[in-house]
Amino acid sequence: MQGILDKQLIRKTSFINGQWQDAADTFEVRNPANGQLLAEVGNAGADEATAAVEAAYQAQKAWAATPAAQRAALLMAWHDAMLAHQEDLARLLTLEQGKPLAEAKGEIAYGASYVKWFAEEAVRVYGDTIPAPSADKRVLVVKQPVGVVGSITPWNFPNAMMVRKAAPALAAGCAFVAKPAAETPLSALAVAELAQRVGLPAGLFNVVVGTDAPAIGKVLTQHPHIRKFSFTGSTATGKRLLAQCAEGVKRTSMELGGNAPFIVFDDADLDAAITGLLAAKFRNAGQTCVCSNRIFVHSKVYDAFADKLVSAVAGLGIGDGLAEGTQIGPLISQGAVDKVAELVNQSLAQGAQCRGSAPVPTEGHYYPPTVLTGVSNAMAVSRNEIFGPVAPLIPFDDESDVIAQANDSEYGLAAYLYSRDIGRVFRVSEALEYGMVAVNEGILSNAAAPFGGVKASGHGREGSRYGLDDYLDIKYLCLGGMDK
Ligand code: ADP
């Protein structure tokens, strides 16, 4: 764990009811840049998940009754601690996940920004008074925390995906049980260490780490004390977990897969579009759910755009995320590399051409940043979420045709478009069946904005004033006899 100054941040066991748990069994966490063993982590399962839910249940009522300003102050202290340890948290994140250190620092700041945002929102959970239908009645609406929240999050943003669920849950007055991905448990555990340091009461924030995801997942979706389940991950797993939640009619938030179109019209500022695409496609080596997956380029500018992209991609530094100058780190596993290679090979067999593919380090799970031309919307690389640094360019001629192609996907998370025609910007943005549309911009996520999808990309929103609603129940109070 080279370079981590505060060694207490390196925690290797689950955190339940304010205690670090001993475990009989362990699992390995390895650095995807070189395969080196980082930690042997205590392997928790269903029993520990159950203990965490029960501890959360015990802690939640007092937390809900705590004045919002006090909850907000604790969240702000947690936020400040995250930023005070940004460097260490980022290093830990890069070691277990692989992304370049600068991106990891960005992720810590991004995760912390949700804690700040929801600390600020916690004191603004307003209700309503509604004009009653008769003189004897009064109609009031209050908002109350849903209760105990279970969450499961993926390895691609090991800090932020979890923190941006925990922050609104705690702000609303809920208690939280997290299950991070077994590939990247250390970032979540480090954040639990900081929660403990700032004095978050025991049981409100629990982290259960283990390799038996189905067993832990069953508890977090079906335990009677769980009132809400929030998931980020693949659509296939999300559907399974939604079905499990249906049994107990649990509230859910689902942030699932994407297949983002990135549309470049012939009136676009091509250099700005290249800059946006580099961010939207190659950040985290293409392993984000909002990564542009299908790049539609108007045929009038297709060749010029492809040339610019190939030369920009050739300049990307590939290597260990901790090394100076790295912009593309390893993928999470060899399986991930093989999956990307298979999609590229299928597309080449279907007639696409490969342009720009640099050499990569021999050890570690690397895939070279790659540009594919001559791609169609029917090819495998367009139908599947690539989750790797591959940019497929699809030519188009007509606005309505590109809208139809962009919408021809089961997914509906993020979409991007580049155009300087204001009418087109509105027409296309409104017609895209996506939860988020970025116009002349490659990075769309921030704490002030509602992040989330439609169709098979899920439901619920993270961030913004809407984000708190996912953790609040509406209660209607009907007051009668008010005319006497
Ligand atoms: P990815 O392909 O990104 O790993 P997954 O949806 O498989 O996407 O994983 C996201 C999270 O879901 C991880 O924390 C993983 O451990 C968890 N997970 C995977 N399968 C299950 C399951 N059957 N039940 C509960 N959690 C699961």
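Placed above this text is the structure.
A brief structural summary. Owing to the predicted nature of the structure, the values given are computational and were not obtained by experimental measurement.

Considerations on the overall build of the protein chain
Here is step 1: When helices and strands are counted, the protein chain shows 15 helices and 22 strands.
Here is step 2: By the compact-globule yardstick of 23 Å for 484 residues, the protein chain fits well, its C-alpha radius of gyration being 23 Å.
Here is step 3: With the C-alpha coordinates of the protein chain rotated into their principal frame, the extents come out at 75 × 60 × 40 Å.
Here is step 4: Here the protein chain, with 484 residues, has 56% of them falling under the buried criterion.

Some remarks on the sheet that holds strand 22 (residues 472-479)
Here is step 1: Taken together, three strands build an open sheet; the order of strands is 5-6-22 and the sheet is antiparallel. Edge positions in the sheet fall to strand 5 (128-130) and strand 22, since each of these pairs with one other strand and no more. Averaged over all pairs of adjacent strands, the angle between their axes in this sheet comes to 25°, without regard to strand direction.

Considering the environment of Gly150
Here is step 1: As for its placement among the helices and strands, Gly150 is situated in strand 7 (residues 148-152).
Here is step 2: Remark: the alpha-carbon pair of Gly150 and Tyr110, spanning 40 residues in sequence, is separated by 22 Å.
Here is step 3: Among all residues touching Gly150, those that are not within four sequence positions of it are Val177, Leu220, Ile226, Lys228, Phe229 and Ser230.

Things to note about helix 5 (residues 160-172)
Here is step 1: Here helix 5 spans 18 Å end to end across 13 residues, near enough to the 18 Å set by a 1.5 Å rise per residue.
Here is step 2: Burial analysis of helix 5 places 13 of its 13 residues in the buried class, which makes it a mostly covered element.
Here is step 3: In the segment just after helix 5, Gly173 is the residue with positive phi, at about 105°.

Re helix 9 (residues 270-282)
An α-helical segment advances 3.6 residues per turn. Residues three or four places apart therefore align on the same side.
Here is step 1: The first and last C-alpha atoms of helix 9 sit 17 Å apart over 13 residues, in line with the 18 Å expected at 1.5 Å per residue.
Here is step 2: Three or more residues of helix 9 are buried, namely Leu270, Ala273, Ile274, Gly276, Leu277, Ala280, Lys281 and Phe282.
Here is step 3: Where the residues of helix 9 are buried, they touch strand 12 (260-264), strand 13 (292-298), helix 10 (302-314), strand 15 (370-373), strand 16 (390-396) and strand 18 (414-418).
Here is step 4: Asn284 sits one or two residues past helix 9 and shows a positive phi near 55°.

Section: unusual backbone geometry
Here is step 1: Positive phi outside glycine occurs at Ala285, with the angle close to 50°.
Here is step 2: Position of Ala285 among the secondary structure elements: in the loop between helix 9 and strand 13.
Here is step 3: Of the residues examined, Ala285 reaches a relative accessible area of 2% and is grouped as buried.
Here is step 4: At Phe387, a residue that is not glycine, the phi angle is positive and equals roughly 55°.
Here is step 5: Following the sequence through the fold, Phe387 ends up in the loop between helix 12 (380-383) and strand 16.

Looking at the packing of aromatic side chains
Here is step 1: Evaluated as defined, the whole model comprises nine aromatic pairs.
Here is step 2: Relative to Phe205, the ring of Trp78 has its centre 5.1 Å away and its plane inclined at 65°; by these criteria the two rings are edge-to-face. Taken together, the positions of Trp78 in helix 2 (residues 68-84) and Phe205 in strand 9 (residues 205-207) put the pair 127 residues apart, joining distant regions of the chain.
Here is step 3: Classification of Trp78 as buried rests on a relative accessible area of 2%.
Here is step 4: Each ring, one from Phe262 and one from Tyr418, has its centre 5.3 Å from the other, and the planes form 25°; the classification is stacked. A residue pair is termed long-range when its members are at least 10 positions apart, and Phe262 in strand 12 and Tyr418 in strand 18 qualify at 156 residues.
Here is step 5: Using a relative accessible area of 0% as the deciding quantity, one classes Phe262 as buried.
Here is step 6: Using a relative accessible area of 3% as the deciding quantity, one classes Tyr418 as buried.

Some thoughts on the site of the ligand
Here is step 1: Residues in close proximity to the ligand total 15 residues, the closest being Thr153, Trp155, Lys179, Ser234 and Thr237.
Here is step 2: Side-chain polar atom of Ser234 to an oxygen atom of the ligand: 2.7 Å apart, as the coordinates give it.
Here is step 3: One of the side-chain nitrogen or oxygen atoms of Thr237 is found 3.1 Å away from an oxygen atom of the ligand.
Here is step 4: Within the residue set of the shell around the ligand, elements represented by two or more residues are helix 7 (213-222) and helix 8 (235-247).
Here is step 5: Partitioned by chemical class, the residues of the shell around the ligand number eight nonpolar, five polar and two charged.

Side note on the nonpolar core
Here is step 1: Within the largest apolar cluster, 88 residues are counted, with the highest numbers of intra-cluster contacts made by Trp78, Met82, Met162 and Phe205.
Here is step 2: In terms of nonpolar packing, the next biggest core, distinct from the first, is built from 68 residues, Phe305, Val310, Ala336 and Met379 among them.

A short note on the packing of helix 13 (residues 399-407) against helix 14 (residues 422-431)
Here is step 1: The geometry of helix 13 relative to helix 14 is characterised by a closest axis approach of 10 Å and an angle of 30° between their N-to-C directions. Considering their axes alone, helix 13 and helix 14 lie roughly parallel with respect to each other. Regarding helix 13 and helix 14, the two cross each other, and that crossing is right-handed. The segment helix 13 lies against helix 14, with Glu399, Ile403 and Asn407 engaging Arg424, Arg427, Val428 and Ala431.
Here is step 2: When grouped by side-chain class, the residues that make up the contact of helix 13 with helix 14 number three nonpolar, one polar and three charged.

Considerations on the pattern of salt bridges
Here is step 1: Across all of its chains, the model carries 22 salt bridges by this definition.
Here is step 2: One salt bridge connects Arg164 with Glu462, and the closest N-O pair in it is separated by 2.7 Å. Note that Arg164 is positioned in helix 5 and Glu462 in the loop between strand 21 (458-459) and helix 15 (464-469), a separation of 298 residues in sequence.
Here is step 3: By relative accessible area, Arg164 is classed as buried at 1%.
Here is step 4: Assessed through its relative accessible area of 6%, Glu462 is described here as buried.
Here is step 5: Among the salt bridges present, the one from Asp266 reaches Lys300, with a minimum N-O distance of 3.5 Å. Residue Asp266 is located in the loop between strand 12 and helix 9, and its partner Lys300 is located in the loop between strand 13 and helix 10; the two are separated by 34 residues in the primary sequence.

Some points on the state of the cysteines
Here is step 1: Applying the stated criterion across every chain yields a total of zero disulfides.
Here is step 2: With no disulfide of its own, Cys174 lies closest to Cys245 among cysteine sulfurs, the gap being 15 Å.
Here is step 3: For Cys174, a relative accessible area of 0% gives the class buried.

Conventions we followed
Residues numbered from 1 in each chain as written. Predicted model: local features only at pLDDT ≥ 70, side-chain atom pairs only at ≥ 80, totals over all residues. Heavy atoms only, no water. Helix = DSSP H or I, 4+ residues; strand = E, 2+ residues; numbered from the N terminus. Rg over C-alpha atoms; globule rule 2.2 N^0.38 Å. Buried < 20%, exposed > 50% of the residue type's maximum accessible area, 1.4 Å probe, protein only. Pairing = 2+ DSSP bridges. Axes fitted to C-alpha atoms, helices over the stretch in contact; angles between N-to-C directions. Contact = heavy atoms within 4.5 Å. Expected span 1.5 Å × (residues − 1). Phe/Tyr/Trp six-rings, centres within 6.5 Å; stacked < 30°, edge-to-face > 60°. Near = heavy atom within 4 Å. Polar contact = N/O pair within 3.5 Å; in protein donor to acceptor, adjacent residues only side chain to side chain. Nonpolar A, V, L, I, M, F, W, Y, C, P; charged D, E, K, R; others polar. Core = buried A, V, L, I, M, F, W, Y, C linked by side-chain atoms within 4.5 Å. Parallel < 35°, antiparallel > 145°, perpendicular 65-115°, else oblique. Left-handed = near helix turned anticlockwise from the far one by under 90°. Salt bridge = Lys/Arg side-chain N within 4 Å of Asp/Glu carboxyl O. Disulfide = S-S within 2.5 Å.

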